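Analysis of the macromolecular model
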Amino acid sequence: MYNPKSRNAEEFISHSEVLASLKYADENKDNIKVIDEILAKARLKKGLSHREAAVLLDCTIPEKVDEIFELAREIKNDYYGNRIVLFAPLYLSNYCVNGCVYCPYHYVNKNIPRVKLTQEQIRRETEALQDMGHKRIAIEAGEDPVNNPIEYILDSIKTIYSVKHKNGSIRRVNVNIAATTVENYKKLHEAGIGTYILFQETYNKETYEKLHPTGPKHNYKYHTEAMDRAMEAGIDDVSLGVLFGLELYRYEFSALLMHAEHLEAVFGVGPHAISVPRIKKADDIDPNAFDNGINDDVFAKIVACIRIAVPYTGMIISTRESAECRKRLLSLGVSQISGGSKTSVGGYFNPAPEDENSAQFDVSDRRPLDDVIRWLMELGYLPSFCTSCYRQGRTGDRFMEICKSQQIHNFCQPNAIMTLKEYLEDYASDATRAVGESLLPAEIEKIKDDVIHAKVIENLAKIHNGERDFKF
Ligand code: SAM
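Everything in this summary refers to the structure shown in the same document. None of these values were measured; they are calculated from a predicted model. (Residues numbered from 1 in each chain as written. Predicted model: local features only at pLDDT ≥ 70, side-chain atom pairs only at ≥ 80, totals over all residues. Heavy atoms only, no water.)

What to know about the overall build of the protein
Stated formally: Secondary structure counts use DSSP, requiring at least four H or I residues in a row for a helix and at least two E residues in a row for a strand, with both numbered from the N terminus. Radius of gyration here uses only the C-alpha atoms, and the compact-globule reference equals 2.2 Å multiplied by the residue count raised to the power 0.38. When a residue's accessible area, from a 1.4 Å probe over protein chains only, is under 20% of the maximum for its type it is buried; when over 50% it is exposed; and in between it is partly exposed. Contacts are residue-level and defined by heavy atoms, with any inter-residue pair within 4.5 Å sufficient.
Looking only at helices and strands, the protein has 20 helices and nine strands in total. Taking 2.2 N^0.38 as the reference for a compact globule, 472 residues should give roughly 23 Å; the C-alpha atoms of the protein span a radius of gyration of 21 Å, in line with that estimate. Structurally, the protein occupies a C-alpha span of about 60 × 50 × 40 Å along its principal axes. Here the protein holds 472 residues, and 61% of them are scored as buried. The long-range share in the protein, meaning contacts at least 24 apart out of those at least 6 apart in sequence, stands at 76%.

As structure tokens, this is what we get:
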């Protein structure tokens, strides 16, 4: 039985409720009256229920689809302005005991070299990431209690935070590791992580069990209830995602929103961010072997409908997608992207092409970070290396409250400007610096508060003179 407040995965992601939503969406997708009612609610910019959003996703009436895309753009602009936050993944270890059929790290794959970074190698990777200009990373590891125990992850976090290379520092470490216990989540929380990221892969239990035939990840309930345990342990910024291509996208879309509703119902805080990865080619993985691939148009509509359904939730797109595809999704709702990523273990310090065969999947956007930053600015975006919210205690419900009331601009805009200035001073090519310096005055003028405005100008001069890490 469907119950968003239940702590039981099969009740808050109730299969029958997902099917009922899909039926409701199918029955109403051409019903202009219902669609207009939903769009009117959506225009309040406070979000939609999974059933309402499912109708918009299914609707194919051209004028209504245009309205959906237009509204997504408007909401994106209201909540996030033109800022785009940058991050990079850092792969620590590809040892894995699971049998996930879409992931080349599955333990039966003997083709890929298994690599686990030592703390010294992590230090070098961190320096290489800092030398690119990154301040925020997501650590990634396969699930292997012997090779990658929680102590290894905790040591790695400590190492990453301790590295200060030239003017560089990693100020926020997000963590993408397998579902674990409340006790381990508490340790991650104490280690000062930013967001805990865990992709559901698929919400359909039967499909989930088939795609994860062996290993601890086979346990649907344990995996699906992971965010509850993370929140219980005090991690109040969690990031959801499904791997599009594994199951029918309509099913995943409704269930993903039900998961967000569940977190809000139980903890009073929805997901901090939602990732929208699509399955990609990898060592022994052929994405065409999966029946549910989605084309770019459907993908864009999913992003737009998520933006409308959960306006306050960040949306993340990685270098799995091409520059062209990322450009389209940025305007429709994506607020955070990776840049200059390597998905191989040790790939930043040692980017030799042969190393790529330890990569988790092929990346489509292979441009260096500097090119991505310049490209963003030329498209009219303000790249941001801000990591301030969680360092200033703006997490969980405090963050959501500020974000829902659209007050977040007061912090994000100045922080974006100041961290971009750091990037321009320390890491940018001449061409990128020129573009950046020319856009700063207009971005500074967007700050309405006189005191903050003056402070930003003062801090920019200090950054130019060598001081770092100013934040609101
Ligand atoms: N091992 C961790 C776990 O079990 O959740 C997470 C780390 S894994 C490095 C990060 C994510 O990459 C997975 O959750 C999965 O969604 C995604 N992934 C795996 N294989 C992929 C592929 N072939 N193409 C695109 N993404 C993939």
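Observations concerning the pairing of strand β3 (residues 172-176)
How we decide: Strand pairing is assigned whenever DSSP detects at least two bridges linking the two strands. For the handedness criterion, the strands are oriented away from the viewer, and a crossover whose path from the first strand over the helix to the second runs clockwise is classed as right-handed.
Counting buried positions along β3 gives five out of five residues, so the element sits mostly inside the fold. Examined bridge by bridge, strand β2 (residues 136-141) and β3 share five bridges and lie parallel to one another. Paired with Arg-136 across the two strands is Arg-172, which belongs to β3. Handedness of the β-α-β unit built from β2, helix α7 (residues 150-162) and β3 comes out right-handed.

Concerning the side chain of His-106
For His-106, the location among the structural elements is in the loop between β1 (83-93) and α6 (119-132). Filtering out sequence-adjacent residues up to four positions away, His-106 remains in contact with Asn-98, Gly-99, Cys-100, Arg-114, Asp-284 and Ile-285.

Describing helix α14 (residues 323-332)
Structural remark: α-helix, 3.6 residues per turn; residues separated by three or four positions point the same way. For the record, the criterion: Regarding the arc, it is the one traced by the directions from the helix axis to the C-beta atoms.
Among all positions in α14, only Cys-325, Arg-326, Leu-329, Leu-330 and Leu-332 are buried. Take α14 and look down its axis: the buried residues cluster within an arc of 165°, on one side only. Residues of α14 that are buried make contact with α5 (62-80), β1, α13 (296-309), β7 (314-317), β8 (336-338) and α15 (369-378). After α14 finishes, the residue Gly-333 shows a positive phi value of roughly 155°.

Topic: the site of the ligand
For clarity, the threshold we go by: Each residue is tested against the molecule or strand, and it is near if at least one of its non-hydrogen atoms lies within 4 Å. N or O atoms within 3.5 Å of each other form a polar contact, as long as, within protein, one can give a hydrogen and the other can take it, and as long as residues adjacent in sequence are counted only when both atoms are side-chain atoms. In these tables, accessible area is a Shrake-Rupley quantity obtained with a 1.4 Å probe, and a residue counts as shielded only by the protein chains included in the view. Note that Gly is not counted as nonpolar here; it falls among the polar residues with everything else outside the nonpolar set of Ala, Val, Leu, Ile, Met, Phe, Trp, Tyr, Cys and Pro and the charged set of Asp, Glu, Lys and Arg.
The full set close to the ligand counts 19 residues, and Tyr-102, Glu-201, Lys-217, Lys-280 and Arg-320 are the nearest of them. Here a nitrogen atom of the ligand sits 3.0 Å away from a polar atom, N or O, in the main chain of Tyr-102. For the ligand, whose free accessible area comes to 580 Å², the fraction covered by protein is 97%. Looking at the shell around the ligand, its residues break down into ten nonpolar, three polar and six charged.

Observations regarding the nonpolar core
This is how it is decided: What we call a nonpolar core is a set of buried Ala, Val, Leu, Ile, Met, Phe, Trp, Tyr and Cys residues that are connected through their side-chain atoms within 4.5 Å.
Membership of the largest hydrophobic core comes to 154 residues, with the highest contact counts inside it found for Ile-139, Leu-188 and Ile-337. A total of nine residues in this core trace back to one element, the largest contributor, which is α13. What Ile-337 contacts, discounting residues up to four positions off in sequence, is Ile-84, Val-85, Leu-86, Phe-87, Ile-317, Arg-326, Leu-330, Val-372, Trp-375 and Leu-376. Grouped together as the second largest cluster of nonpolar side chains are six residues, Phe-87, Phe-199, Ala-273 and Ile-316 included.

Things to note about the pattern of salt bridges
As a reminder, the rule being used: Salt bridges, as used here, are contacts in which a Lys or Arg side-chain nitrogen is within 4 Å of a carboxyl oxygen on Asp or Glu.
What the rule picks out here adds up to 40 salt bridges. Notably, a salt bridge pairs Asp-365 with Arg-326, separated by 3.0 Å at the nearest N-O pair. With Asp-365 in the loop between β8 and α15 and Arg-326 in helix α14, this residue pair connects regions lying 39 residues apart in the sequence. Classification of Arg-326 as buried rests on a relative accessible area of 0%. A salt bridge links Lys-421 to Glu-425; the nearest nitrogen and oxygen atoms lie 3.1 Å apart.

With respect to the side chain of Ser-6
Within the secondary structure, Ser-6 is located in the segment before α1 (9-12). A distance of 2.8 Å separates the side chain of Ser-6 from the backbone nitrogen of Asn-8, its partner in a polar contact. If near-sequence neighbours (up to four positions away) are discounted, Ser-6 is found in contact with Glu-11, Phe-12, His-262 and Val-266.

Quick word on the state of the cysteines
Cut-off, in case you're wondering: When two cysteine sulfur atoms lie within 2.5 Å, the pair is treated as a disulfide.
This structure, assessed with the given rule, holds zero disulfides. Of the cysteine sulfurs around Cys-100, a residue in no disulfide, the closest is that of Cys-96, at 5.8 Å.

Some words on the packing of α7 against helix α8 (residues 182-190)
Heads up, the condition is: In this description, a line fitted to the C-alpha atoms serves as the axis of each element, helices being fitted only across the stretch in contact, and the angle between N-to-C directions of two axes falls anywhere from 0 to 180 degrees. By definition in this entry, angles of less than 35 degrees are roughly parallel, angles greater than 145 are roughly antiparallel, angles of 65 to 115 are roughly perpendicular, and the rest are oblique.
Interhelical geometry of α7 versus α8 gives an angle of 10° and a closest axis separation of 10 Å. By the angle class used here, α7 and α8 are roughly parallel. Contacts between α7 and α8 involve Ile-150, Glu-151, Ile-153, Leu-154 and Ile-157 from the former and Asn-184, Lys-187 and Leu-188 from the latter. Residue classes in the contact of α7 with α8 are distributed as five nonpolar, one polar and two charged.

Focus on unusual backbone geometry
Here the phi dihedral of Lys-45 falls at roughly 65°; this positive angle occurs in a residue that is not glycine. Counting through the fold element by element, Lys-45 comes out in the loop between α3 (32-42) and α4 (50-58). Exposure remark for Lys-45: the relative accessible area of 13% places this residue in the buried category. Positive phi, close to 50°, is recorded for Lys-166, a residue that is not glycine. Inspection of the secondary structure puts Lys-166 in the loop between α7 and β3. The exposure class of Lys-166 is exposed, given its relative accessible area of 70%.

Some words on the packing of α6 against α7
Our working rule: The hand of a helix crossing depends on one turn: near helix anticlockwise from the far one by less than a right angle means left-handed, and clockwise means right-handed.
Put simply, α6 and α7 touch, their axes get as near as 9 Å, and they point 40° apart. With respect to α7, the axis of α6 lies oblique. Helix-helix and strand crossings are classified by hand; for α6 and α7 the assignment is right-handed. Only Tyr-152, Asp-155, Ser-156, Thr-159, Ile-160 and Ser-162 of α7 make contact with α6, whose side of the interface consists of Gln-119, Ile-122, Arg-123 and Thr-126. Its residues assigned to classes, the contact of α6 with α7 shows three nonpolar, five polar and two charged.

Here's the deal with the environment of Ser-341
Structurally, the position occupied by Ser-341 is in the loop between β8 and α15. Judged by relative accessible area, which is 8%, Ser-341 ranks as buried. Separated by 28 residues in the primary sequence, Ser-341 and Leu-369 place their C-alpha atoms 8.1 Å from one another. Excluding anything up to four places from it in sequence, Ser-341 contacts Pro-89, Thr-319 and Tyr-348.

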